[in-house]
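# Examination of the molecular architecture
What follows is each chain in one-letter form.
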Amino acid sequence: MTEGRERSVLWKFAAGVLLMVLLTAGATATAGLLTLDNLASAIRNAPGGVVKTHAITRAEAGTPQTILLLGSDRRFKDRHDKHAARSDTLMLLRLDPDQQATTMLSIPRDLKVQIPGHGYEKINAAYSYGGADLALRTIKSLLGLKVNHVVDVNFSGFRKAVDAVGCVYIDVDRHYYHSNAGLPASAQYAEINLKPGYQRLCGKKALDYVRFRHADSDFVRAARQQDFLRSAKDQVSSSSLIGKRTRLVHIFVNATQADRDLGTLTGLERLLKLALFSAGHPVRQVAFPGRDALDTTSQGVQESYVTADPAAIRQTVRRFLHGAASTGTRRQRRRARGRRHVGLTLLVPSRRVGQDAAAPLVVRRRQPFPVLFPTRATPAGRPASDGSPRAYGLRDRAGRRRRAYRLVYVQNEILGQYYGIQGTDWRTPPLLAHPTGSRTVGGRHLLLFGEGGRLRTVAWRTPRAVYWVSNTLSLTLDDAQMVGIAASLRGFTGQRR
């Protein structure tokens, strides 16, 4: 894969690399192994130079900081046009040790906004018109936020960065497949054949996964990339990266441009201290309140956009600034939860459907532990026919071969919503390292893993295996559905449980 094609990858992993580099640099500087002067000099003298902008707000010592991460996208048909770069997506990262979490806010690249000096267009056009400076000014005008640093990402180093951190275990929600065979050049993009299930993704596979964009909305795509980032941060500690500090810093510096203040000793030191104090915080995604819409251009052509209500944007900004904590009065939050859960908590009987979906796994007799299937499902949920059921092997952190299986359920194919049932004899995967709660249902002790007010995963351990239910990437299923599906898991007659 050429550097030009790598740059079209969804750049959001840069947020993870940024956090890892900051944590590593801070830890090693504290130990006297790396001087901040050297790192600041490397950023200042990076091959791409510094980002030229006067729109950033210099942070005061000890105050929270907001970082804007940008990444350019070169579409296949524009790959030879050096002026065709657009920001693929834009992400804000908030470090505040006084809050409960490090927050991320992704802005859809198709959001219709007013770009200073250019009128209303999709927000990703700002980068094309005026680079990082205009993109930054557009975002500040949209959100009313002060931004303390900007990092412009070139993804030529993506695969090296993933491999440098030891790869990442990811809960892949469905079968990702695309082939360019027989397609014209204008319709071609990165090929992929990644099967569903919990697995370790290294360089190229990780690249293929996060860059996938075919048949995905901006919102599902952002959720998938942020799930990758969250998993990367959870699995890699700053202490484990000390031995890799030189390699990581080299990759980061050669793959990014940063603002001038980040290339100074004072600016870098302030950010590093915040990163260290925030190291134990979870990373929480703040959902952008956009909706898809159609508009007609001046040439009379219909074009799809994302639009957002200004009041909803203001509420989102408040959540971003306060660690994704709930805002509004208790009555407003209760009403919001009621609206969100209306019609969602219902599950329907699906024993026969679930049994038929999992039966091939039992016939093959490849699992050394019972195969469990859901006897209840969401009203819209149905077993996927592509890549499911899947029986496979994976290596744990010690390199030991483990057995696993995955059942994929389609919740809404058009919107890219899939939930899954996973079973494996690896009873301590990284995914289940930090439960946020637990609940006993029908004598079964369920481990709960929450994210942004919704359950992302519900798990159950037995002496021989561990099983879990994975929510859709956009957390479509509500808590009652997640717990209900997990509690409904049953094995085939005659199987030991």
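Procedures and definitions
Residues numbered from 1 in each chain as written. Predicted model: local features only at pLDDT ≥ 70, side-chain atom pairs only at ≥ 80, totals over all residues. Heavy atoms only, no water. Phe/Tyr/Trp six-rings, centres within 6.5 Å; stacked < 30°, edge-to-face > 60°. Helix = DSSP H or I, 4+ residues; strand = E, 2+ residues; numbered from the N terminus. Buried < 20%, exposed > 50% of the residue type's maximum accessible area, 1.4 Å probe, protein only. Lys NZ or Arg CZ within 6 Å of the ring centre and 35° of its normal. Contact = heavy atoms within 4.5 Å. Pairing = 2+ DSSP bridges. Disulfide = S-S within 2.5 Å. Expected span 1.5 Å × (residues − 1). Bend = angle between axes of the 7 residues up to and from the residue. pLDDT = per-residue confidence, 0-100.

Next up on the list: the packing of aromatic side chains. For the structure on display, the rule yields twelve aromatic pairs. Consider the rings of Tyr176 and Phe212, whose centres lie 5.1 Å apart with planes at 80 degrees: the pair is edge-to-face. Residue Tyr176 is found in strand S8 (residues 176–178), and its partner Phe212 is found in the loop between helix H6 (203–211) and helix H7 (218–235); the two are separated by 36 residues along the sequence. Phe212 carries the same exposure label as Tyr176, and that label is buried. Ring centres of Tyr209 and Phe228 lie 6.5 Å apart, and the angle between their planes is 40 degrees; this geometry places the pair in the tilted category. With Tyr209 in helix H6 and Phe228 in helix H7, the pair connects residues that are 19 residues apart, well separated along the chain. An aromatic cluster is defined as three or more aromatic residues linked by ring pairs; in this entry it consists of Tyr169, Tyr198, Trp426 and Trp468. A cation sits over an aromatic face here: Lys122 above Tyr305, 5.6 Å from the ring centre.

A word on the environment of Thr457. Relative to the helices and strands, Thr457 resides in strand S24 (residues 454–461). C-alpha separation for the pair Thr457 and Met482, spaced 25 residues apart in sequence, amounts to 7.6 Å. When near neighbours in sequence (up to four residues on either side) are disregarded, Thr457 contacts Leu431, Leu432, Leu447, Leu448, Phe449, Trp468, Val469 and Met482.

With five bridges joining them, strand S22 (residues 437–441) and strand S23 (residues 444–451) adopt antiparallel strand pairing. Bridging from a neighbouring strand, Gly437 pairs with Leu448 of S23. Hairpin connection from S22 to S23: two residues lie between these consecutive antiparallel strands, with Gly442 at a positive phi of about 60 degrees.

It is worth spelling out the pairing of strand S6 (residues 149–153) at this point. Within S6, five of the five residues are buried, which leaves the element mostly enclosed by the surrounding structure. Judged by which residues are buried, S6 turns out to be covered on both faces: His149, Val151 and Val153 on one side and Val150 and Asp152 on the other are all buried. Note that S6 and strand S11 (residues 256–258) share three bridges and pair antiparallel. Bridge assignment links Asp152 to a residue of S11, and that residue is Gln257.

Once that is clear, we can look at unusual backbone geometry. Cis peptide bonds are those with omega within 30 degrees of zero, and the linkage from Ser388 to Pro389 qualifies with 0 degrees. Tracing the backbone shows Pro389 in the loop between strand S18 (382–383) and strand S19 (390–395). One non-glycine residue, Cys167, lies in positive phi territory at about 70 degrees. Take Cys167: its relative accessible area is 8%, and that puts it in the buried class. With a phi close to 55 degrees, Leu475 is a non-glycine residue in the positive phi region. By the element assignment, Leu475 lies in the loop between strand S25 (466–470) and helix H13 (479–487). According to the relative accessible area criterion, Leu475 is buried, its value standing at 13%.

One covalent bond between the sulfur atoms of two cysteine residues makes up a disulfide. Applying the stated criterion to the full structure yields one disulfide. For Cys167, the disulfide goes to Cys202, at an S-S distance of 2.0 Å. Measuring the twist about the S-S bond at about 110 degrees, one finds the Cys167-Cys202 disulfide to be right-handed. Residue Cys167 is located in the loop between helix H5 (158–164) and strand S7 (168–172), and its partner Cys202 is located in the loop between strand S10 (197–201) and H6; the two are separated by 35 residues in the primary sequence.

This part is about helix H4 (residues 125–143). In this model H4 runs just 17 Å from its N-terminal to its C-terminal C-alpha over 19 residues, more than 12% under the 27 Å that 1.5 Å per residue would give. Bending of H4 peaks at approximately 130 degrees at the position of Gly131. Here H4 has its buried residues at Ala125, Ala126, Tyr127, Ala132, Leu134, Ala135, Leu136, Thr138, Ile139 and Leu143. Among the residues trailing H4, Gly144 stands out with phi positive, at a value near 70 degrees.

Let us look at the environment of Gln188. You can see Gln188 is positioned in the loop between S8 and strand S9 (192–194). In this structure Gln188 comes out as partly exposed when scored by relative accessible area, which is 22%. Measuring from C-alpha to C-alpha, the distance between Gln188 and His178 comes to 9.4 Å, with ten residues separating the pair along the chain.

Time to look at the confidence of the model for the protein. In low-pLDDT regions, the fine details of the predicted coordinates are not to be read closely. Of the residues in the protein, 78% reach a pLDDT of 70 or more, and the chain-wide mean stands at 80. No element of the protein has a lower mean pLDDT than helix H1 (residues 3–6), which averages 36, and none a higher one than S25, which averages 98. Low confidence marks residues 1–17, where pLDDT is under 50. Its contacts with residues over four positions away, or in another chain, come to 68 contacts. Scored below 50 in pLDDT, residues 73–83 shows 18 contacts in the model against residues more than four places distant or in partner chains.

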